[in-house]
Structure formats: structure tokens, C-alpha cells
Amino acid sequence: MSEHAATPQFATPSIPSPREAVRTATGYWWVLLTAGIAAVAVALVILQFDQASVTTVGILVGLMFLALGVENIALSTLDVPARWAWALFGGLFLVSAIVCFASPEDTFAGIADILGFLFLIVGVWWMIRAFLERAINPLWWLGLISGILMTALAFWTSGQFFIHKAYVLLVFAGIWALIQGITNIVRAFQIRALREEL
């Protein structure tokens, strides 16, 4: 037996450097930008309604939940702290989207009834996400302030009558989409700047 055949040959797997891995991940900054622009467009549509179609509002709210769910599930696949929290809230947002699409008319009435609770969930998640991003995002406080404001709106909305809640739903769904869109656009450009630095 030859000496060459008896010696096992092991190839060292090529492991990308952390810098290359981050550069590859930040290459998708445009996805966050697209989601942000879409959320701003949804906000503008909601806030322009004169005589809102209940079905349309139910579907638009479902689309917002779907976008948030997909975004959070996608972020949970990355190597980020507390991936389970991103996945959990992504799943909750996706379930909310399915309910909205199943019955848009009932969704409008149901969401108007539980609007305060929904705003509370969103506000708490924004505050949690702000603290999770604190180490890597210099503008983490923007998410914290948005979460505090959303939580305050949740308690205020819970005390309103149904007819007022229906109007509040239109206004705050638009404001919520606008805040989410602006936040996504800011994050997208932060990620793009990080990519250019690398």
C-alpha cells in the first residue's frame, strides 16, 4: 500500500469570515426598505378613506399583520439575540392576518372591539424589540418611544364606545402603518450604511 493512500486527506472547510457573513446579510437591506414603503402606502390609503369599505379595511389590516409576521419570522432565521421572541411575535402576527383574511367584515367589527388589546400587544413588542436592538441600533430609543406611545393609545382606546372605536380603528391603523413604515425605512438605510462600511 502506498504511503499516499494510507494517509487520510482532510480538506478544511471554507468558513466565511464574519465580515463576509454580515456583508451578505446586509445585502438584503432593500427588503426592509420595500416593506417600509409598502406600509407607508397602506397608511396613506387608510387615512384617505372618506366612506371606508369595511371589507377593504379588514383586508388592509390583514396585509399589515401579514407583512409584520413575515418580517419577524425572517428576522428569527438570522443569528440575532432572542430569536424565539421574533418567531413568537411573527407567528402571532401571521395568525392575526389569517383571521383578517377569513372574514374581513367581521374583522373590522372584531378589531374595533379589541382595538385597545391589539395596540397593547404591538406597543409591548415595540418596547421589547427596542431593548433587544439596544446593543446594535443607536436609534433603539425611537422604537421604545413608539412602543410607549402605542401602549398609552391602547389604554385610551379601550375606554371608547364602539362607534368611536370604528373611527379610531381607521385613524390608528393608518398611524400604525405609518410608524412601522418609517421605522422600516430608517432601519433599511442604517443596514445599507453598515454594508457600505464593510
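Criteria and thresholds
Residues numbered from 1 in each chain as written. Predicted model: local features only at pLDDT ≥ 70, side-chain atom pairs only at ≥ 80, totals over all residues. Heavy atoms only, no water. Helix = DSSP H or I, 4+ residues; strand = E, 2+ residues; numbered from the N terminus. Expected span 1.5 Å × (residues − 1). Buried < 20%, exposed > 50% of the residue type's maximum accessible area, 1.4 Å probe, protein only. Arc of directions from axis to C-beta. pLDDT = per-residue confidence, 0-100. Phe/Tyr/Trp six-rings, centres within 6.5 Å; stacked < 30°, edge-to-face > 60°. 1 Å grid on protein atoms, 1.4 Å probe; cavity = no way out; pocket = protein on both sides within 12 Å on 5 of 7 lines; lining within 4 Å. Points joined across faces, edges and corners; volume = space filled by probe spheres on them. Nonpolar A, V, L, I, M, F, W, Y, C, P; charged D, E, K, R; others polar.

*Asks:* Can you lay out helix H5 (residues 83-102) for me, pointing to particular residues and giving the numbers?
*Replies:* For H5, built from 20 residues, the straight-helix expectation of 28 Å at 1.5 Å per residue is met to within 8% by its first-to-last C-alpha distance of 29 Å. Looking at H5, one finds that the buried residues are Ala85, Trp86, Phe89, Gly90, Phe93, Ala97 and Cys100. For H5, the angular spread of buried residues about the axis comes to 125°, placing them on one side. In H5, those exposed residues whose orientation departs by more than 90 degrees from the buried face are Trp84, Ile98, Val99 and Ala102.

*Asks:* Outline the confidence of the model for the protein chain, supporting the account with residue identities and numerical values.
*Replies:* Residues with a pLDDT of 70 or more make up 87% of the protein chain, whose mean pLDDT is 81. Mean pLDDT across the secondary structure elements of the protein chain bottoms out at helix H1 (residues 3-6), with 55, and peaks at H5, with 90.

*Asks:* Can you break down the packing of aromatic side chains residue by residue, with the values?
*Replies:* According to the stated counting rule, one finds five aromatic pairs in the structure shown. Pairing Trp86 with Trp125 gives two aromatic rings, centres 5.4 Å apart and planes at 85°, and the pair type is edge-to-face. Separated by 39 residues along the polypeptide, Trp86 in helix H5 and Trp125 in helix H7 (residues 115-132) bring together distant segments of the chain. Across this residue pair, the class does not change: Trp86 and Trp125 are buried. A centroid spacing of 4.3 Å and a plane angle of 25° characterise the contact between Phe89 and Trp125, whose relative ring orientation is stacked.

*Asks:* Before we move on, can you summarise the layout of surface pockets with the specific residues and values?
*Replies:* In this approach a probe as big as a water molecule rolls over the atoms, and the regions it shows empty are the leftover space. Taken as a whole, the largest pocket spans an internal volume of roughly 1,100 Å³. Lining the largest pocket we find 29 residues, and of these Leu32, Leu75, Leu78, Val80 and Ile191 sit closest to its centre. Elements that contribute at least two residues to the lining of the largest pocket include exactly helix H2 (18-26), helix H3 (29-47), helix H4 (54-76), H7 and helix H9 (162-197). Per element, the largest residue contribution to the lining of the largest pocket is five residues, and it comes from H4. The residue inventory of the lining of the largest pocket, partitioned by class, reads 21 nonpolar, three polar and five charged. Looking at the second largest pocket, its volume works out to about 220 Å³. What lines the second largest pocket is a set of 14 residues, and nearest its centre among them are Ala35, Ala39, Leu63, Met64 and Ala67. At six residues, H4 tops the list of elements feeding residues into the lining of the second largest pocket.

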